[in-house]
Amino acid sequence: MFYQPSLNPSSAHLVTQLVKCISTIENAGPEQIENWETVQARQQAEDLLLELQRLVIPINKRLRYATMGIFENQALYLAVRLGIAQALVDAGPGGVDLHTLASRTGTVAGPLERILRALQPNDVAVQCDDRWVAGEAALALCPGHAASVAAAIDYYGNEMYTIVGFLGKQVAPDCEWPARQASSDTPSPSAAAGSESASQACYAGLGMPSLYTHFAAHTDRQAVFTNAMASLSIHHNDYISADYPWDRHEGQRLCDVGGADGNFFKHLLAKHPLIAGGTVYDVTVTLPPTDAPAKLTFVHGDFFKTVPAGHPVYFMRHILHNWGDSDVRRILSNTRQAMVESLCTIKASEDGNGNKNPVLLIAEAVIAPKAQREAILLDLVMLNAFPGGKERTVEEYSALCEAEGLRIVQVWPTRGKHSILEVHLDLEAKDASKEE
Ligand SMILES: C[S@@+](CC[C@H](N)C(=O)[O-])C[C@H]1O[C@@H](n2cnc3c(N)ncnc32)[C@H](O)[C@@H]1O
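- The protein chain is annotated in an unreviewed UniProt entry as O-methyltransferase C-terminal domain-containing protein from Actinomortierella ambigua.

Structure follows, in structure tokens:
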């Protein structure tokens, strides 16, 4: 058994725990999707590594790394935007010298070398004598590669980076902020901290009423956003497809509300081919993608106006967290309306599995008492980038559902960052919208 006699007992315990986790990870079988035990071991190891960092890196140094992380963000962004990662990969195992790399990427050698150094800790670039070689992570920064996160890095390094300096406005809108924020943004005096109006004021200062308005005006950036969302979901598609009992919806049609380019729905159909197909509903839909399966219909529409009826299953992932409570209620209200209309069609249909009630599945990173780091950071993205947007607790989702005549009947945890909230119609509930 691994033991470090010279460590104090609490440090030795941390190291022993970490070794156990690493052993679980290393001994995991060759399954296509990691099993629960391995996923949990990874999470525990991450928590333990944070503890170890606290132990070995002095506080001041940790804080310096955290605050200077904005430069790592921008180095990664440049590696994608300027094609530095792609050029390193294209150079092959022998790598490339600095001046050739500079000429291939249209960059200046001196500053490029400094960016390359900053890319080393993230395994994008490795210096070998006078040559630069692609690191293990370089491929993930190349657009077009199957596990690419290039679009996500592009989106975070551009749109998110542009507005992150306004986070303070969300927390303290009436504070006297230094010139950078104050010059471009004059929030209304009534804007409450963290409110929808505070966030809208932030966007107005940047010349965009909201992120979605910005995307509507810049279709190239819209495409980057859609790809970013898809790339951030690669592993989560597997977990959502595996950790909810989709077989109960065999023979049924599903509507993916805000389903973007259909990346999740296509994945779901590949894993559960007996699902009958259905609708990808999104405001960005123009033409169906060329690789769209025949079972999928792509419908352009605005979920604030209507949600297509006639589906036994409604699914929405990363939709509600983009919006404030009043907007979430409108989306839920329109979805409920579609579910009520679907009820008659479903009751009349012979789907064979006896499941006659429409269901809404909400996939979100819900905030738990010990929320994961990713969910906490995602919540700040929502606070800063989407008017009124936030990650919510199950209780908060429950209150919003109940206000619109819907009821959460089960929470399905997944191995990824999402929980799936299974929501049914509350047929006893009065029509909430008519009540107000
Ligand atoms: C954060 S993305 C999530 C995309 C997808 N569900 C996923 O999990 O990858 C939010 C989606 O909502 C869509 N959307 C935003 N406003 C909309 C509206 N008013 N009506 C329909 N779709 C909308 C966006 O175009 C985008 O595809």
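1. Looking at the side chain of histidine 318
Item 1. Secondary-structure assignment places histidine 318 in the loop between strand S7 (313-317) and helix H15 (325-348).
Item 2. Other than its neighbours up to four places away in sequence, histidine 318 contacts Ala363, Glu364, Leu378, Lys417 and His418.

2. Notes on the site of the ligand
Item 1. Near the ligand, the surroundings consist of 17 residues, among which Gly258, Asp282, Asp302, Phe303 and Arg317 are the closest.
Item 2. Measuring from a nitrogen atom of the ligand, one finds a backbone N or O atom of glycine 258 at 2.8 Å.
Item 3. Within the backbone of valine 283, one N or O atom sits 3.2 Å away from a nitrogen atom of the ligand.
Item 4. Coverage of the ligand by the protein amounts to 95% of the 590 Å² it exposes when considered alone.
Item 5. When the residues that make up the shell around the ligand are grouped by side-chain class, the tally is 9 nonpolar, 5 polar and 3 charged.

3. A closer look at the sheet that holds strand S3 (residues 131-134)
By way of backbone hydrogen bonds, the strands of a sheet pair with one another, either parallel or antiparallel.
Item 1. A sheet is described by the order of its strands in space; here 3 strands give the open sequence S1-S3-S2, paired in antiparallel fashion. Each having just a single partner strand, strand S1 (96-97) and strand S2 (125-128) make up the two edges of the open sheet.
Item 2. Here S1 runs beside S3; their pairing, made up of 2 bridges, is antiparallel. Directly across from valine 96, in S3, lies its bridge partner tryptophan 132.

4. A few points about the sheet that holds S7
Item 1. Within the open sheet, the 7 strands sit side by side as S6-S5-S4-S7-S8-S10-S9. Their pairing is mixed. Looking at the sheet topology across the chains shown, the edges are occupied by strand S6 (296-300) and strand S9 (406-413). For this sheet, the mean angle separating the axes of adjacent strands, direction not counted, is 20°.
Item 2. Sheet analysis places S9 next to strand S10 (residues 419-425), joined by 7 bridges and oriented antiparallel. Bridging across to S10, valine 411 finds its partner in leucine 421.
Item 3. Contacting S7, strand S8 (359-364) and S10, helix H13 (residues 234-242) crosses the sheet at an angle of about 150° to S7.
Item 4. On top of the sheet, helix H17 (residues 394-403) reaches S8, S9 and S10; it is set at about 150° to S9, its chief contact.

5. Considering the nonpolar core
Here is a general trend for soluble globular proteins: nonpolar side chains tend to be buried in one another's company.
Item 1. Residues Phe303, Leu320, Leu332, Leu360 and Ile362 are the most contacted members of the largest nonpolar core, which totals 28 residues.
Item 2. Every element with two or more residues in this core is listed here: strand S4 (253-257), S7, H15, S8, H17, S9 and S10.
Item 3. Ranked by residue count, the leading element in this core is H15, at 6 residues.
Item 4. Counting 23 residues, the second largest nonpolar core, distinct from the first, contains Ala75, Ile84, Ala85 and Ala150.

6. Re the pattern of salt bridges
Item 1. For the structure on display, the rule yields 13 salt bridges.
Item 2. Notably, a salt bridge pairs aspartate 154 with arginine 81, separated by 3.2 Å at the nearest N-O pair. Here the residue aspartate 154 occupies a position in helix H7 (residues 150-164), and arginine 81 occupies one in helix H3 (residues 59-81), the gap between them amounting to 73 residues.
Item 3. With a relative accessible area of 7%, aspartate 154 lands in the buried category.

7. A word on the pairing of S10
Item 1. When you tally the buried positions in S10, you get 6 out of 7 residues, the bulk of the element.
Item 2. Bridge count between S8 and S10: 6 bridges; the pairing is antiparallel. Across the sheet, leucine 360 pairs through a bridge with valine 423, a residue of S10.
Item 3. In this antiparallel pair of consecutive strands, S9 and S10, the connection spans 5 residues.

8. Quick look at the environment of proline 289
Item 1. In this structure, proline 289 sits in the loop between strand S5 (277-282) and S6.
Item 2. For the pair proline 289 and glycine 262, spaced 27 residues apart in sequence, the C-alpha to C-alpha distance is 8.5 Å.
Item 3. When sequence neighbours within four positions are dropped, the list of residues in contact with proline 289 reads Asp261 and Phe298.

9. So, a nonpolar patch on the surface
Item 1. On the surface, Met68, Ile70, Phe71, Tyr161 and Val164 cluster together into a nonpolar patch covering about 490 Å² of accessible area.
Item 2. Mapped onto the nonpolar patch, the elements with two or more residues apiece are H3 and H7.
Item 3. Relative to the helices and strands, isoleucine 70 resides in helix H3.

Conventions we followed
- Residues numbered from 1 in each chain as written.
- Predicted model: local features only at pLDDT ≥ 70, side-chain atom pairs only at ≥ 80, totals over all residues.
- Heavy atoms only, no water.
- Helix = DSSP H or I, 4+ residues; strand = E, 2+ residues; numbered from the N terminus.
- Contact = heavy atoms within 4.5 Å.
- Near = heavy atom within 4 Å.
- Polar contact = N/O pair within 3.5 Å; in protein donor to acceptor, adjacent residues only side chain to side chain.
- Areas by Shrake-Rupley, 256 points an atom, 1.4 Å probe, with all protein chains shown as cover.
- Nonpolar A, V, L, I, M, F, W, Y, C, P; charged D, E, K, R; others polar.
- Pairing = 2+ DSSP bridges.
- Axes fitted to C-alpha atoms, helices over the stretch in contact; angles between N-to-C directions.
- Core = buried A, V, L, I, M, F, W, Y, C linked by side-chain atoms within 4.5 Å.
- Buried < 20%, exposed > 50% of the residue type's maximum accessible area, 1.4 Å probe, protein only.
- Salt bridge = Lys/Arg side-chain N within 4 Å of Asp/Glu carboxyl O.
- Patch = residues over 30% accessible without salt bridge, like charges linked within 9 Å, V, L, I, M, F, W, Y side chains within 5 Å.

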